[in-house]
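Each chain, written out:
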Amino acid sequence: MSDVLGLGAGELGQAYRRGTLSPVEVTRAYLDRIAASNDRLRAYVEVYAEPALAQARASEQRLASGLPTGLLEGVPLALKDLLHVEGRRTTAGSTVFADRAPSSVTSTVASRLMGAGAVVLGKANLVEFAYGGWGTNQGMGSPVNPWDPSVERCVGGSSSGSGVAVSAGLAVGAIGTDTGGSVRIPSAFCGLTGLKTTQGRVSNHGVDLVSHTLDTVGPMAWTAEDAALLLQAMHGPDPHDPATLQRAPEDFLSRLREPVAGLRISVAPVNILGHVEPAIQRAVDDAVGVLMSLGCLRRDEAFSHIDFVADQVESGVIISSEAYAEHGHLLQGSPPPGDAAARARLLSGAAIAAPRYAAALRERQRRIRDFARVFEHTDLLVLPTLPVTARPLATIDEADLAPSRLTRFVGYYGLSALALPCGLSPEGLPMSLQLVAPAFHEARLLRAGVAFQSATAFHRARPSSF
C-alpha cells in the first residue's frame, strides 16, 4: 500500500470514483502505518481509529449508492491539536491540558472538512501553545522529520505534527495554523506545499489561538492542487467569526490551471535576506527560472519596502503580548513540566506594557497601508521560505530565529503566501520556495503553485521510508 499512501487528495478521489480503491481500505492503511511509526515520529497526540473507520464506511456507502459525495470524500486528514472536536480533548501541545475536559464544540474548520467527507485520523502534535519555529516540544515529545532515517532532525513549527503526518505518509493532508510561519515552516522542512491564508479567509472559531490578531488556519499537502481542495472545503463566512464575514466564498478550483504568463514577480535580492544556505539560494534561483519560462515577468523593486528584522521584532511584540494574555495564567504556580523555550517566549509577554502593545498595533496598521503600494508594481514576491534545511534536534538553538526570519513579515502585513518544494539539498533534505501575494489572493498563489508543479517534479519526492 506504499503507493496508495503517496497519493494526494485529488488522486484518491479519482481512484474512489473508478472503484480501484475504497475509503475503508485506504483509511486502514493509514491507521496501520500510524500504529507502526507514530511512537518514533511523534506526529499524533491522539489517533481516532474507530471513528475514522466509521467515517470511511459512511464515505464508502455514499460512493457505492450513488448519493451526492463531498469534495474530500474518504480523504484521511490530520488536524493540528488546536482545533476542537466535540467529545475530544484539545491539548494545544501542552502538558497543562493533559487532563482537559473533552470539548463541547467542534471548530468550524473541522466541521466543514468532515461535512465535505474527510476522514479525521486524529490530532497532530505541535509546539507547546503553538509558540515556536523549530518544532520542538520537551513536554509532549518533539516530532521527528522523516527525511533523514539516521539522524533525528527538526520538523519546524508550530504545526510540527501536521508536517510529519503528511510527509511520513500518516495522512493525505493536514491542517495547521500560521501566525508567523507555522504552516509554511514545517511544510518547507518536510517537502510539502503549505498555504498561509489571509486573516478572515478561514474561520478561527473553535481554535485555540496564540495571537488573535495574526493567527490563520491553512492546509498542508503534497501539492498546490490538494491545498486548493482543502481550502475550498473549509473557507468562507462564519457567523461565529466576524472577521470572515467581509468576504464572499470563492471558487479556488475552476481557474487553477489557467496560464500564469504575464504575472509580475519580484525576487528578493540576496543582500536583504541575511544568511541563506547556498544550496537553497541556488534552488530558488532555478525556481525563478522556471517561473519565467512559464511567462512570468520579473520586476524586482518591491523589496525595498521590507525590513525582515524590524518586522520580526514588531510582530513579536504583538504575538508575545497576546499569547501571554491568552495562556499566561496557565503557567502560574507550579504547572507540570513542559517546553521551557516555548514557555519562556510566552511569559516574555508579561514584560510588555500595554502602551507598547497598543503602539505595535497602530504601527502595524500604518505599515500595512504603506506596504500596499508594493503590489502596485508586482503580483507575487518570491524568496526562500527558510534560510536553512532541517537541523538535528540535538543541535537546535531555541534563541536562533532563523525559521521565521523570512516568513513572519507575511502575517505582520496581513498577506497570503505559499510554500512550495523546490528541490533537495546535497544531504537529501527538502528546500522550499515562498510566493507571497496580497491579502485574499490565495487563488493567484495556488494557480502559480499548480503551474510551477506542472513544470517540475519536486513535489513528487518522498522520504526513503516510502
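Residues numbered from 1 in each chain as written. Predicted model: local features only at pLDDT ≥ 70, side-chain atom pairs only at ≥ 80, totals over all residues. Heavy atoms only, no water.

Chemist: An account of the environment of alanine 243 is requested, with residue identities and associated values reported.
Modeler: Tracing the sequence through the fold places alanine 243 in the loop between α8 (224-234) and β7 (264-267). Given a relative accessible area of 38%, alanine 243 falls into the partly exposed group. Separated by 122 residues in the primary sequence, alanine 243 and glutamine 365 have C-alpha atoms spaced 16 Å apart. (Helix = DSSP H or I, 4+ residues; strand = E, 2+ residues; numbered from the N terminus. Buried < 20%, exposed > 50% of the residue type's maximum accessible area, 1.4 Å probe, protein only.)

Chemist: So what's going on with helix α3 (residues 23-41)? Residues and values would help.
Modeler: The largest bend in α3 comes to about 40°, at alanine 35. The complete set of buried residues in α3 reads Pro23, Val24, Val26, Thr27, Ala29, Tyr30, Leu31, Arg33, Ile34, Ser37, Asn38 and Leu41. Downstream of α3 by a residue or two, arginine 42 has a phi angle that is positive, lying close to 55°. (Bend = angle between axes of the 7 residues up to and from the residue.)

Chemist: Please give an account of the pairing of strand β9 (residues 380-384) that cites residues and values.
Modeler: Here β9 lies mainly inside the structure; five of its five residues are buried. Two elements, β7 and β9, share three bridges in a ladder whose sense is parallel. Paired with valine 267 across the two strands is valine 382, which belongs to β9. Pairing geometry for β9 and strand β11 (residues 430-437), over four bridges, is antiparallel. (Pairing = 2+ DSSP bridges.)

Chemist: Tell me about the sheet that holds β9, and name the residues and values.
Modeler: Strand order in the open sheet made by the eleven strands is β1-β3-β2-β4-β6-β5-β10-β11-β9-β7-β8, with mixed pairing throughout. The sheet terminates laterally at β1 (44-47) and β8 (297-298), the two strands that pair on one side only. Lying over the sheet, helix α10 (residues 278-293) contacts β7, β8, β9, β10 (416-424) and β11, oriented at roughly 50° with respect to β11. (Contact = heavy atoms within 4.5 Å. Axes fitted to C-alpha atoms, helices over the stretch in contact; angles between N-to-C directions.)

Chemist: Report on the environment of alanine 98, specifying residues and quantitative values.
Modeler: Here alanine 98 is to be found in the loop between β2 (76-80) and α5 (108-115). In sequence terms alanine 98 and threonine 27 are 71 residues apart; their C-alpha atoms lie 27 Å from each other.

Chemist: Can you explain the state of the cysteines? Please cite residues and give values.
Modeler: A disulfide bridge is the covalent bond that connects two cysteines by way of their sulfur atoms. This model, assessed by the stated rule, comprises zero disulfides. With no disulfide of its own, cysteine 154 lies closest to cysteine 190 among cysteine sulfurs, the gap being 8.5 Å. (Disulfide = S-S within 2.5 Å.)

Chemist: Break down the packing of aromatic side chains for me, with residues and values.
Modeler: The tally for this structure, following the rule as stated, stands at eight aromatic pairs. Centroid distance phenylalanine 371 to phenylalanine 375: 6.1 Å. Interplanar angle 65°. Geometry classified as edge-to-face. Through a chain of ring-to-ring contacts, the aromatic side chains of Phe371, Phe375, Tyr412 and Tyr413 assemble into a single cluster. In this structure, arginine 33 packs its charged tip against the face of phenylalanine 466, placed 5.0 Å from the ring centre. When the ring centre of phenylalanine 97 is taken as origin, the NZ or CZ atom of arginine 100, which lies over that ring, is 4.0 Å away. (Phe/Tyr/Trp six-rings, centres within 6.5 Å; stacked < 30°, edge-to-face > 60°. Lys NZ or Arg CZ within 6 Å of the ring centre and 35° of its normal.)

Chemist: Please provide a residue-by-residue account of the side chain of serine 103, values included.
Modeler: With respect to the secondary-structure elements, serine 103 resides in the loop between β2 and α5. Judged by relative accessible area, serine 103 falls into the buried class, the value being 11%. Engagement of the side chain of serine 103 in a polar contact is seen with the side chain of histidine 84, the distance being 3.0 Å. In this structure serine 103 touches His84, Val85, Glu86, Gly87 and Arg88, once residues within four positions along its chain are discounted. (Polar contact = N/O pair within 3.5 Å; in protein donor to acceptor, adjacent residues only side chain to side chain.)

Chemist: Describe unusual backbone geometry, and please don't skip the residues or the numbers.
Modeler: Here the amide bond leading from glycine 157 into serine 158 is cis, since omega sits at 10°, within 30 degrees of zero. Within the element layout of this structure, serine 158 appears in the loop between β3 (119-124) and α6 (160-167). The phi dihedral of phenylalanine 440 is positive, around 60°, even though this residue is not glycine. Its location among the elements puts phenylalanine 440 in the loop between β11 and α15 (442-455).

Chemist: Explain the packing of α3 against helix α4 (residues 49-65) to me, and be specific about the residues and the numbers.
Modeler: Remark: α3 packs on α4, axes separated minimally by 8 Å, with the N-to-C direction vectors making an angle of 160°. The pairing of α3 with α4 is recorded here as roughly antiparallel in orientation. In the packing of α3 onto α4, the handedness of the crossing is right-handed. For the pair formed by α3 and α4, the contact residues are Pro23, Val24, Thr27, Arg28 and Leu31 on the first element and Ala49, Ala52, Leu53, Ala56, Arg57, Ser59, Glu60 and Leu63 on the second. Considering only residue class, the contact of α3 with α4 consists of eight nonpolar, two polar and three charged. (Parallel < 35°, antiparallel > 145°, perpendicular 65-115°, else oblique. Left-handed = near helix turned anticlockwise from the far one by under 90°. Nonpolar A, V, L, I, M, F, W, Y, C, P; charged D, E, K, R; others polar.)

Chemist: So what's going on with the packing of α5 against α8? Residues and values would help.
Modeler: For the pair α5 and α8, interaxial distance at closest approach is 8 Å and the crossing angle is 110°. In terms of orientation, α5 and α8 fall into the roughly perpendicular class. Between α5, through Val109, Arg112 and Leu113, and α8, the contact on the second element is made entirely by Leu230, Ala233 and Met234. A breakdown of the residues in the contact of α5 with α8 according to their chemical character gives five nonpolar, no polar and one charged.

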